[in-house]
Amino acid sequence: MLYLGFLICSRTLLVTWPFYKRSELFDEIMQALELKRPWLKPKVVASIIGKLRSASLIAPWGPYLSFSLAMALNNAVRSTYKAIRRWWQRGRVWVSNSVQQDLQIVATYLQEPEYSPV
């Protein structure tokens, strides 16, 4: 059954994140990485972080690999005087090479088969 965004099989006691959700996150990460610029829009960063943190309930690598991206977003918010609505649309979050590598690692994990233990 599908419950709170997770596929739960009570016969095998298996909880997984549905493939369609993983493919949506994969597409979002790949679009962000293909831009060839060292910054992303804050809404894109917040969306990726939210999806990673949601999946971290069943994937132990989620908090670790999303931490660097969350810190980049926090630093960008602190550097602005006010977190106004306009900043979320036009602001910039500088993404370092290590954050890009973390996103690439997440993208490779998202392509695993449906019931992969990863």
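Since we're looking at a predicted model, the values are computed, not measured.

S.K.: So what about the overall build of the protein chain? Which residues, and what values?
M.R.: Helix and strand counts for the protein chain stand at 5 helices and 5 strands. Ordering the α and β elements of the protein chain from the N terminus gives β-β-β-α-β-α-α-α-β-α. Expressed as lengths along the three principal axes of its C-alpha atoms, the size of the protein chain is roughly 55 × 25 × 20 Å. Looking at the protein chain as a whole, 36% of its 118 residues are labelled buried. Within the protein chain, contacts between residues separated by at least 24 positions form 60% of all contacts whose residues are at least 6 apart in sequence. In the form shown here, the protein chain has an accessible surface area of approximately 7,800 Å², with 58% of it arising from carbon and sulfur atoms.

S.K.: Got a sec to walk through the sheet that holds strand β3 (residues 14-16)? Specific residues and values, please.
M.R.: Taking strand neighbours across the sheet as the criterion, the 3 strands line up as β1-β2-β3 in an open arrangement whose pairing is antiparallel. Looking at the sheet topology across the chains shown, the edges are occupied by β1 (2-3) and β3. Summarising the sheet, strand β2 (residues 6-9) and β3 pair through 3 bridges and their orientation is antiparallel. Note on β3: the bridge partner recorded for Ile8 is Val15.

S.K.: Account for the pattern of salt bridges, with residues named and values stated.
M.R.: Taken as a whole and judged by the stated rule, the model has 1 salt bridge. Glu28 serves as the salt-bridge partner of Lys51, at 2.7 Å between the closest nitrogen and oxygen. Taken as a pair, Lys51 in helix α2 (residues 42-55) and Glu28 in helix α1 (residues 19-33) lie far apart in primary sequence, 23 residues in all.

S.K.: Any details on the nonpolar core? Residues and values, ideally.
M.R.: One recurring pattern in soluble globular proteins is that nonpolar side chains are buried together. Ranked by size, the top nonpolar core spans 29 residues in total, and within it Ile29 and Ile48 carry the most contacts. For this core, the secondary-structure elements that each account for two or more residues are α1, α2, α3 (62-79) and α5 (97-110). Beyond its immediate chain neighbours, meaning those up to four positions away, Ile29 contacts Ile48, Leu103, Val106, Ala107 and Leu110.

S.K.: I'd like to hear about α1, residue by residue, with values.
M.R.: Its 15 residues place the ends of α1 21 Å apart at the C-alpha level, agreeing with the 21 Å of an ideal helix rising 1.5 Å per residue. Those residues of α1 that fall on the buried side of the exposure criterion are Arg22, Leu25, Phe26, Glu28, Ile29, Ala32 and Leu33. Taken end-on, α1 shows its buried residues confined to a sector of 165 degrees, consistent with a single buried face. Considering only its buried residues, α1 is in contact with β4 (39-40), α2 and α5.

S.K.: An account of unusual backbone geometry is requested, with residue identities and associated values reported.
M.R.: Unlike most non-glycine residues, Leu4 shows phi in positive territory, near 55 degrees. Relative to the helices and strands, Leu4 resides in the loop between β1 and β2. The phi dihedral of Leu13 is positive, around 55 degrees, even though this residue is not glycine. Along the polypeptide, Leu13 turns up in the loop between β2 and β3.

Reading guide: rules and limits
- Residues numbered from 1 in each chain as written.
- Predicted model: local features only at pLDDT ≥ 70, side-chain atom pairs only at ≥ 80, totals over all residues.
- Heavy atoms only, no water.
- Helix = DSSP H or I, 4+ residues; strand = E, 2+ residues; numbered from the N terminus.
- Buried < 20%, exposed > 50% of the residue type's maximum accessible area, 1.4 Å probe, protein only.
- Contact = heavy atoms within 4.5 Å.
- Areas by Shrake-Rupley, 256 points an atom, 1.4 Å probe, with all protein chains shown as cover.
- Pairing = 2+ DSSP bridges.
- Salt bridge = Lys/Arg side-chain N within 4 Å of Asp/Glu carboxyl O.
- Core = buried A, V, L, I, M, F, W, Y, C linked by side-chain atoms within 4.5 Å.
- Expected span 1.5 Å × (residues − 1).
- Arc of directions from axis to C-beta.

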